[in-house]
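Single-letter residue listing:
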Amino acid sequence: MHSPDAPRPQRMAKGRVAAVTSSGFDASRNLTERAARIAGLRSFETPTLEAVEHRRLQLWLLTLSLLFAAVVALVTVTAWHDVRPPAWVPPIVLRGGLLATVILFCAYAIEKELQLRRLTKLLIDERVLTAALTNRLREVSTLLEAAKAMNLVLDLEEVLRTILECANELLDTHDGSIMLVHGDGELRTVSVSGSSGARGARLKFGEGVAGQVAQTREPVLVTGVLEPEKWPAGSGAAQPPTSSMSVPLVYRDVLLGVLNVNAAPGRAYTRHQLRALSLFGEQAAAAIANARLYEEQRLLASQNVYQALHDLLTNLPNRALFLDRVNHALSRRRLPGQLVAILFLDLDDFKLINDSLGHAAGDEVLIGFADRLRTCVRSGDAMARFGGDEFAVLIEDVTSAEDAAATAERILALFAEPFSVGERRMWLRASIGIAVEGLGASSAEALLRNADTAKNVAKTQGKGRIVTFEETMHADALQRLEFEGELQHALEHGQLAVHYQPMFSLAHGRAIGVEALVRWEHPARGLLPASAFLPLAEQAGLMVQIDRWVLRRACETLQALRSDVELPTGFLLSVNISPTHLQDAALVDEVAQVLRDTGIEPGRLVLEITEGAILLDSEKTAVHLNRIKALGVKVALDDFGTGYSSLSHLRRFPVDIVKIDRVFVDGITTDKGAGALVQAIVRLGRGLNIEVIAEGIEHQAQADALAALQCPYGQGWYLSIDLPAEGLADFLRRSS
Ligand code: C2E
Ligand code: MG
Ligand code: MG
């Protein structure tokens, strides 16, 4: 820093500081060296002031010695008569000669003295100039240092702080502030130093000194107290700044803001300092622009990283980030017995939503589910969406699979409430697989694979299930894959068959109809019931194909039998329709076509649907069911009592028959609750004019109990097992 009272060169063109100073310095040096040579100092280097003083001393000592010698000689010649000069020198000449010598030497001494004085003056001027140049050099180097410091910092906040610190070092400021342009024509203080009163200030362009600087882009120097009325005398408060400077921060012709500095009270800034601050402002603006650019790039980079690691629909972590979290959880030091578990869940029948309502509706459901999931998972546990309808949850610090299952139960409970898509309300379910660390899975990938396998097993066991991984499952999964291929083959090569299970009136024992049940005549495994392969068919996307085939085959078979045996009046043919098939817009036309082709009366045909299918998309289901009803076909609600039974569905949908699920029949002789429920359904059916059929009657006691509860119809192995087509003919003959 330069001292404030050191003299400074007055005119110095901006940007040419170094060039001007060095050439001025060289000129004055040449002058001094010439003067030194004239004064008799023949050194090759610029003489010092000390050397000049020494020379002066020598000169005067010599002059005085000479004068003394001359005076002594004169006195001797004049006073002592016996001192005789040589006869050829007349005394007058001798005296005259001595006097002339003295005068000449004095003149020489005076001349030398004058030259030495000029040299002294030059040397002093040179020293002053050197001091001033040193100050300028120091200023320039401070500027360069400041620019370097500002450019080294990349964080905008820190850049602003560094600018104010450097300005303070450069100009010994009392306080300062940086205001940046905000929006259109406004300045806002973003950083302050010292006790600046600019904190939080907002100025329009043209308002106040900084506003004017922003408008004109010209630096401003203020001397004296601005608005003295704001600083009441003797108030004891802080003293007002007596001088201040404001410079624009412009980078590549764009105004970024204004830098303001205030001098300590009593001090005043000069125009030269204003120029220095302007130069500094240019560097500061470049540093601010750099920091902003860096910040933008950092933001962009972090956005890219976010996008690479998240599912952008639900904003949940994606597979990559989830695996990382699982790995981290596995590598973390934990207490003995504390384990890491993964829940892998998959929304059941989600494909139906996408297919029937479109992807936007599907997205809405996924977002809604992700939001619900967030509410039921502990804050430390990670969640993820893997794309499609697959989600995963990481649970840390469980002690057993049961702990993880408790979380899974909580997640399943999230489905008790319907999901809203626009105006529609939809009930969904999910299958959850659980894998707990150990059991040969120590890496994140292995753990996830196990949870996925368990989830697939859950799917094949029906919907809305939770299954914990077991080691045999991988082999099972492989087998399942093989099985899927075989099923496709079976469908194409006539290995499927339809069996018919009769349904009876419990009061009279009369057959009222048959339910068509699909069977697989497996070449190696023998005859397989529907429950052994339909979940797989669903996963393999073969369900609708199977349904269609069964419907046509059953109608054809029954119609063909009629040539042999007459069907009892009102004899029904009940065919199961899968939820996927019920959503299919072509279903109604298919049914109508089959009825036309086979000649079965629509009133004989019953389509059995499950509650899940109704709940999935109730509006669409209602439309399809009404169209089916319009054909004259009956609708039965199968497996009633399981799933999310809502009695209100019985009123909302055109249901003719309710089939009470086997679990209630199972418990009817032992469980009072089951009995009460069957009774309630029977009464309700009577009230709503809906027929009630109890399924899965295996014992006489169950049949008796149902009859006692006045359940009108029943079906089950006790009454009759399911019969192949040939067996059905005999059965009908016996019944008629
Ligand atoms: P469901 O419609 O409730 O059919 C009754 C199931 O219970 C049949 O199993 C039947 O064999 C079995 N069952 C009958 N009486 C008894 C009994 O006394 N005790 C016990 N424990 N079970 C009995 P199946 O054939 O394995 O069918 C299972 C489910 O698969 C059916 O349940 C039905 O929902 C579905 N299904 C069967 N065939 C088809 C089909 O062609 N299309 C569709 N979409 N689903 C079908
Ligand atoms: Mg059924
Ligand atoms: Mg059933």
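How each quantity is defined
Residues numbered from 1 in each chain as written. Chains lettered and ligands numbered in written order. Predicted model: local features only at pLDDT ≥ 70, side-chain atom pairs only at ≥ 80, totals over all residues. Heavy atoms only, no water. Helix = DSSP H or I, 4+ residues; strand = E, 2+ residues; numbered from the N terminus. Rg over C-alpha atoms; globule rule 2.2 N^0.38 Å. Contact = heavy atoms within 4.5 Å. Areas by Shrake-Rupley, 256 points an atom, 1.4 Å probe, with all protein chains shown as cover. Donors = N, O, S within 2.8 Å, 3.2 Å for Na, K, Ca; no water. Buried < 20%, exposed > 50% of the residue type's maximum accessible area, 1.4 Å probe, protein only. Pairing = 2+ DSSP bridges. Axes fitted to C-alpha atoms, helices over the stretch in contact; angles between N-to-C directions. Patch = residues over 30% accessible without salt bridge, like charges linked within 9 Å, V, L, I, M, F, W, Y side chains within 5 Å. Salt bridge = Lys/Arg side-chain N within 4 Å of Asp/Glu carboxyl O. Parallel < 35°, antiparallel > 145°, perpendicular 65-115°, else oblique. Nonpolar A, V, L, I, M, F, W, Y, C, P; charged D, E, K, R; others polar. Domains from an automatic or database assignment. Expected span 1.5 Å × (residues − 1). Near = heavy atom within 4 Å. Polar contact = N/O pair within 3.5 Å; in protein donor to acceptor, adjacent residues only side chain to side chain. Core = buried A, V, L, I, M, F, W, Y, C linked by side-chain atoms within 4.5 Å. Phe/Tyr/Trp six-rings, centres within 6.5 Å; stacked < 30°, edge-to-face > 60°. Lys NZ or Arg CZ within 6 Å of the ring centre and 35° of its normal.

S.K.: Explain the overall build of the protein to me, please; I cannot follow it from the model alone.
M.R.: A count of helical and extended segments in the protein gives 23 helices and 24 strands. Against the compact-globule benchmark of 27 Å for 736 residues, the protein has a radius of gyration of 53 Å, which places it well outside the compact range. C-alpha extents for the protein along the principal axes are approximately 195 × 60 × 50 Å. Considering only contacts within the protein whose residues lie at least 6 apart along the sequence, 67% involve residues at least 24 apart. Entry remark: accessible area of the protein is about 37100 Å², with carbon and sulfur atoms responsible for 55%.

S.K.: Just checking my understanding: could you explain the coordination of the magnesium ion (ligand 2) for this structure?
M.R.: Geometry sets the ideal angles at a metal, namely 109.5 degrees for four tetrahedral donors and 90 or 180 degrees for six octahedral donors. Every protein donor of the magnesium ion (ligand 2) is accounted for by E515 (OE), N576 (OD1), E608 (OE) and D638 (OD), and the metal-donor separations fall at 2.0 to 2.3 Å. If you look at the magnesium ion (ligand 2) and the magnesium ion (ligand 3), they sit 4.2 Å from each other and are both ligated by D638. Of this pair, E515 sits in strand β17 (residues 511-522) while E608 sits in strand β20 (residues 605-610), and the two are 93 residues apart along the sequence. The exposure class of E515 is buried, given its relative accessible area of 4%. On the basis of relative accessible area, E608 is assigned to the buried category, the value being 1%.

S.K.: Before we go on, may I ask you to explain the sheet that holds strand β9 (residues 339-347) in this structure?
M.R.: Adjacent strands of a sheet form backbone hydrogen bonds with each other and so pair up, either parallel or antiparallel. Read across the open sheet, the 5 strands follow the order β10-β11-β9-β14-β15; overall the sheet is mixed. Edge positions in the open sheet fall to β10 (383-387) and β15 (466-468), since each of these has one partner strand only. In this sheet, neighbouring strand axes are inclined to one another by 20 degrees on average, regardless of whether the strands run parallel or antiparallel. Both β9 and strand β11 (residues 390-398) contribute to a ladder of 7 bridges, which runs antiparallel. Across the sheet, the residue bridging to D346 is E390, located in β11. Packed on one face of the sheet, helix α9 (residues 359-376) meets β9, β10 and β11 and runs near 10 degrees to β11.

S.K.: Before we go on, may I ask you to explain unusual backbone geometry in this structure?
M.R.: Excluding glycine, most residues fall at negative phi; most peptide bonds, likewise, are trans. Even without a glycine there, the phi angle at R252 is positive, about 50 degrees. As for its position among the elements, R252 is in the loop between β5 (243-251) and β6 (254-262). What makes R252 exposed here is its relative accessible area of 68%. Unusually for a residue other than glycine, D397 sits at a positive phi of about 60 degrees. In this structure, D397 sits in strand β11. With relative accessibility at 32%, the residue D397 sits in the partly exposed group.

S.K.: Mind showing me how you'd approach a nonpolar patch on the surface here?
M.R.: Taken together, the side chains of W60, I110 and L114 present a nonpolar region at the surface, about 280 Å² in accessible area. Mapped onto the elements of the fold, L114 is located in helix α3 (residues 91-152).

S.K.: Mind showing me how you'd approach the packing of helix α2 (residues 49-79) against α3 here?
M.R.: Helix-helix packing is characterised by the crossing angle of the two axes and by the distance between the axes. One way to put it is that α2 packs onto α3 with a least axis distance of 10 Å and a crossing angle of 170 degrees. On the basis of the axis angle, α2 is roughly antiparallel to α3. Here the residues of the contact of α2 with α3 sort into 23 nonpolar, 3 polar and 8 charged.

S.K.: Honestly, the domain arrangement of the protein in this entry has me stumped. Any pointers?
M.R.: Many structure descriptions define interface size as the accessible area lost when the parts assemble. Domain annotation for the protein reports domain 1 (9-130), domain 2 (153-223 + 240-304), domain 3 (319-471) and domain 4 (485-735). Its C-alpha centre places domain 2 at a distance of 54 Å from the equivalent point of domain 3.

S.K.: It is not clear to me how the pairing of strand β21 (residues 634-640) should be interpreted in this structure. Could you clarify?
M.R.: Moving residue by residue along a regular strand, the side chains alternate between the two faces of the sheet. The buried fraction of β21 amounts to 5 of the 7 residues, a majority that puts the element mostly inside the structure. As defined by bridge partners, β20 adjoins β21 across 5 bridges and the pair is classed as parallel. Opposite E608, over in β21, you have A636 as the bridge partner. Sheet analysis places β21 next to strand β22 (residues 657-660), joined by 3 bridges and oriented parallel. Looking across to β22, one finds that L637 is bridged to V658.

S.K.: How do you make sense of helix α11 (residues 444-460) when you look at a structure like this?
M.R.: The periodicity of an α-helix, 3.6 residues per turn, causes residues three or four positions apart to be oriented the same way. In this model, α11 (17 residues) spans 25 Å end to end at C-alpha, consistent with the 24 Å of a helix rising 1.5 Å per residue. For α11, a buried count of 13 out of 17 residues is recorded, marking the element as mostly surrounded by other parts of the structure. Phi turns positive, to about 120 degrees, at G462, one or two residues after α11.

S.K.: Where do I start with the coordination of the magnesium ion (ligand 3) in this structure?
M.R.: The protein atoms donating to the magnesium ion (ligand 3) are D638 (OD), D639 (OD), E695 (OE) and E695 (OE), with metal-donor distances spanning 2.0 to 2.4 Å. Along the chain, the residues that donate to the magnesium ion (ligand 3) are spaced as D-D-x55-E. Relative accessible area serves as the criterion here: at 11%, E695 is assigned to the buried category.

S.K.: Can you walk me through the site of ligand 1 in this structure?
M.R.: Close to ligand 1 lie 26 residues, the nearest being E515, R519, D547, D638 and E698. With respect to ligand 1, the side chain of E515 contributes an N or O atom lying 2.8 Å from an oxygen atom. For ligand 1, a nitrogen atom lies 2.7 Å from a polar atom in the side chain of D547. For ligand 1, the protein covers 87% of the area, taking 790 Å² as the surface of the free molecule. Counting residues per element, the ones that place at least two in the shell around ligand 1 are β17, α13 (530-539), α14 (543-561) and β21.

S.K.: Help me understand the side chain of S244, please; the structure alone is not making it clear to me.
M.R.: Tracing the sequence through the fold places S244 in strand β5. When sequence neighbours within four positions are dropped, the list of residues in contact with S244 reads V220, L221, V222, V261, N262 and Y269.

S.K.: Looking at this structure, I do not really get the environment of T621. What am I missing?
M.R.: With respect to the element layout, T621 can be found in helix α18 (residues 618-631). For the pair T621 and Q583, spaced 38 residues apart in sequence, the C-alpha separation works out to 6.6 Å. If we skip the residues at most four places from it in the chain, T621 touches L582, Q583, A613, I614 and F653.

S.K.: Looking at this structure, I do not really get the nonpolar core. What am I missing?
M.R.: Soluble globular proteins: nonpolar side chains tend toward being buried together. Counting 77 residues, the largest nonpolar core has L496, L573, V575, L605, L607 and L706 as the members making the most contacts within it. Ranked by residues supplied to this core, first place goes to α14 with 8 residues. Setting aside anything within four residues of it in sequence, one finds L607 in contact with L551, V575, I577, V591, I628, V633, K634, V635 and A636. Membership of the second largest hydrophobic core comes to 34 residues, among which are A341, F369, C376 and I395.

S.K.: Looking at this structure, how should I read the sheet that holds β5?
M.R.: Taken in spatial order, the 6 strands line up as β3-β2-β1-β6-β5-β4 in an open sheet, and their pairing is antiparallel. Since the sheet does not close on itself, it has two edges, and those belong to β3 (202-204) and β4 (220-223), each with one partner. Across this sheet, the average inter-strand angle for adjacent strands is 25 degrees, counted without regard to direction. The sheet strands contacting helix α6 (residues 271-309) are β1 (175-182), β4, β5 and β6, and the helix crosses β5 at an angle near 40 degrees.

S.K.: Even after reading the chapter, I still don't get the packing of aromatic side chains, so can you show me in this structure?
M.R.: For any pair of aromatic rings, the description rests on two quantities: the centre-to-centre distance and the angle between the ring planes. Following the criterion strictly, the structure yields 9 aromatic pairs and no others. Ring geometry for F483 against W520: centres 4.9 Å apart, planes inclined by 25 degrees, an arrangement best described as stacked. You can see F483 sitting in helix α12 (residues 473-492) and its partner W520 sitting in strand β17, a full 37 residues away along the chain. W520 shares its class with F483; the two are buried. Ring geometry for W520 and F533: centres 5.6 Å apart, planes at 80 degrees, overall edge-to-face. Of the two residues, W520 sits in strand β17 while F533 sits in helix α13, which places them 13 residues apart along the sequence. Judged by its relative accessible area of 0%, W520 falls in the buried class. Take F533: its relative accessible area is 0%, and that puts it in the buried class. Each residue in the set F369, F391, F415 and F419 is aromatic and connected to the rest through ring pairs, giving one cluster. Residue placement shows R319 over the ring face of F386; its charged tip is 4.8 Å from the ring centre. Here the guanidinium or amino end of R372 rests over the ring plane of F419, the centre of that ring lying 3.8 Å away.

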